[in-house]
Amino acid sequence: MSASTTARTAAAPVTVIGLGPMGAAMAGALLDQGHEVTVWNRTPARAEPLVARGAVLAGSVEEAVRANELVILSLTDYDAMDALLKPVAGALAGRVVVNLSSDTPERTREGARWATGQGAEFLAGGVTTPPSGIGSPETTYTFYSGPRTAFDRHEPTLGVLTGTDYRGEDPGLSALMYQLGMMMFWTSMLSYWQAVALADANGLKAADVLPHARETFASLDMFTGFYAERIDAGNHEGDVDRLAMGTASVEHVLHTMADAGVDTTLPNAVVDLFRRGMAEGRAADSFSGLLELMKAGPAGK
């Protein structure tokens, strides 16, 4: 961050509502960069370390909202936003509400419509880093969506928290990008837990399989790039791989898990999807053709 940007952001006061690990990290990063920070949390004691560093503890949600134009929310979800802000809706006019809470794209749009109806500008955000990454904009980022003018006006302040990746006027776009990442993260990590469970059943430690796990995950970069181009072209030709071959492979994985006596919920789900593709006559196609089943929705609908 340049000296001129730091100077501009230092003069921008901001309110942070919600002081869980993420909200506390955000308030701390803003204080570190010289911002005047007003905070509020349902449990006031959580604000004490921040107050000791110079933050102002608001006595109520309404007081926190009225304190500054820029109001950042770090809450569990949009239901939590409703619970806190709807009772003080009259305080929102003229504010820029930046909700960095997780929820669905449609729920985000609904929240944006409500806040806009109260006279606020509304930016939604999807933070892609844990609290430890807050305050490191060079290496972390947050998706933002909503009115471009509001984003541009407050980007220097938001850029103190993480790097910023603006996705467009539709407020649901940042939530969509965030949930895309979460889909890949949670299922990938579950696959790792599954592998560790199998290793443990065979007398190996997580450390024993870590190098292999890292190599396997690193190889996904090549595969995602290769298949993305083909998928966008509608090409599921079985010239490189075939679903029939993949089905045999995932069934071997399932049988290995069952033989080891570990939970088979995840591999069963994978095998079920592959078998559905086979039943639809895709045996000679690439296993990327399973994407068409996913697009079509749950089986039987």
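Structure: above.
Rules used throughout
- All chains use their own residue numbering, which begins from 1 and follows the written sequence.
- Per-residue local features are limited, in this predicted model, to residues with pLDDT of at least 70; the limit for side-chain atom pairs, both in listing and counting, is 80 or more; totals at the level of whole chains, interfaces and linings are taken over all residues.
- Based on all heavy atoms of the structure, the side-chain values leave hydrogens and waters out of the count.
- What we call a nonpolar core is a set of buried Ala, Val, Leu, Ile, Met, Phe, Trp, Tyr and Cys residues that are connected through their side-chain atoms within 4.5 Å.
- Burial classes: relative accessible area under 20% of the type maximum marks a residue as buried, over 50% as exposed, and values in between as partly exposed (1.4 Å probe, protein chains only).
- Strands here mean DSSP runs of E at least two residues long; helices mean DSSP runs of H or I at least four residues long; both are numbered from the N terminus.
- Residues count as neighbours in contact if any of their non-hydrogen atoms are within 4.5 Å of one another.
- Note on aromatic pairs: the rings of Phe, Tyr and Trp (six-membered ring only in Trp) are paired at centre separations within 6.5 Å, and the planes decide the class, stacked below 30 degrees, edge-to-face beyond 60, tilted for the rest.
- A carboxyl oxygen of Asp or Glu within 4 Å of a side-chain nitrogen of Lys or Arg is what we treat as a salt bridge.
- An axis is simply a line fitted to the C-alpha atoms; with a helix, the fit covers only the stretch in contact. Between two such axes, the angle follows the N-to-C directions and lies from 0 to 180 degrees.
- The labels follow the angle: roughly parallel below 35 degrees, roughly antiparallel above 145, roughly perpendicular from 65 to 115, and oblique for the rest.
- The crossing is said to be left-handed when, going from far helix to near helix, the turn is anticlockwise and less than a right angle, and right-handed when the turn is clockwise.
- In this classification, the charged set is Asp, Glu, Lys and Arg, the nonpolar set is Ala, Val, Leu, Ile, Met, Phe, Trp, Tyr, Cys and Pro, and all remaining amino acids, among them Gly, are polar.
- Two strands are counted as paired when DSSP detects at least two bridges linking them.
- Handedness of a crossover is defined as follows: orient the strands so they point away from the viewer, and if the path from the first strand over the helix to the second runs clockwise, the crossover is right-handed.

S.K.: Any chance you could break down the nonpolar core for me, citing the residues and the numbers?
M.R.: If you look at the biggest cluster of nonpolar residues, it comprises 29 residues, and the most contacted ones within it are Val39, Ile72 and Val98. The element that contributes the greatest number of residues to this core is helix α2 (residues 21-32), accounting for six residues. Not counting chain neighbours up to four residues away, the residues in contact with Val39 comprise Val16, Leu19, Ala27, Ala47, Leu50, Ala55, Val56, Leu57 and Ala58. Formed by 24 residues, the second largest nonpolar core is a distinct cluster that contains Ala58, Leu85, Val97 and Ala115.

S.K.: For the packing of aromatic side chains, give the residues involved together with the corresponding values.
M.R.: Per the stated rule, a full pass over the model turns up nine aromatic pairs. On the numbers, 5.7 Å between centres and 45° between planes, the contact of Tyr144 with Phe151 is tilted. Given a relative accessible area of 0%, Tyr144 falls into the buried group. Looking at Phe151, the relative accessible area reads 4%, which means it is buried. Between Phe185 and Trp186 the ring centres are 4.9 Å apart and the planes differ by 70°, which places this aromatic pair in the edge-to-face class. On the accessibility criterion, Phe185 (38% relative accessible area) is partly exposed. Feature note: the residues Phe226, Tyr227, Phe274 and Phe287 constitute an aromatic cluster, connected by ring pairs.

S.K.: Could you give me a rundown of the pattern of salt bridges, with the residues and numbers involved?
M.R.: What the rule picks out here adds up to 16 salt bridges. Note that Asp170 and Arg109 form a salt bridge whose closest N and O atoms lie 2.9 Å from each other. Note that Asp170 is positioned in the loop between β8 (163-166) and α8 (172-201) and Arg109 in helix α6 (residues 105-117), a separation of 61 residues in sequence. Here Asp170 falls in the partly exposed class, since its relative accessible area comes to 28%. A salt bridge links Arg153 to Glu121, with the shortest nitrogen-to-oxygen separation between them at 2.5 Å. Of this pair, Arg153 sits in helix α7 (residues 148-161) while Glu121 sits in strand β6 (residues 121-127), placing them 32 residues apart in sequence.

S.K.: Let's hear about the packing of α2 against α7: which residues, and what values?
M.R.: Direction vectors running N to C along α2 and α7 enclose 115°, while the axes themselves pass 8 Å from each other. If you check the angle between α2 and α7, you find them roughly perpendicular. When you trace α2 past α7, the crossing you get is right-handed. When α2 is examined against α7, the residues Met26, Ala29 and Leu30 are found in contact with a partner set consisting of Thr157, Val160 and Leu161. The residue makeup of the contact of α2 with α7, split by class, is five nonpolar, one polar and no charged.

S.K.: Outline the pairing of strand β2 (residues 37-40), listing residues and values.
M.R.: Residues of β2 alternate between two faces, with Val37 and Val39 on one and Thr38 and Trp40 on the opposite face, all of them buried. Relative to β2, strand β1 (residues 14-17) is paired through four bridges, and the arrangement is parallel. Note on β2: the bridge partner recorded for Ile17 is Trp40. Between the parallel pair β1 and β2, the chain is carried across by α2, and the sense of this crossover is right-handed. Bridge count between β2 and strand β3 (residues 56-57): two bridges; the pairing is parallel. Paired with Val39 across the strands is Leu57, a residue of β3.

Bear in mind that shape data such as this cannot, by itself, settle questions of function.
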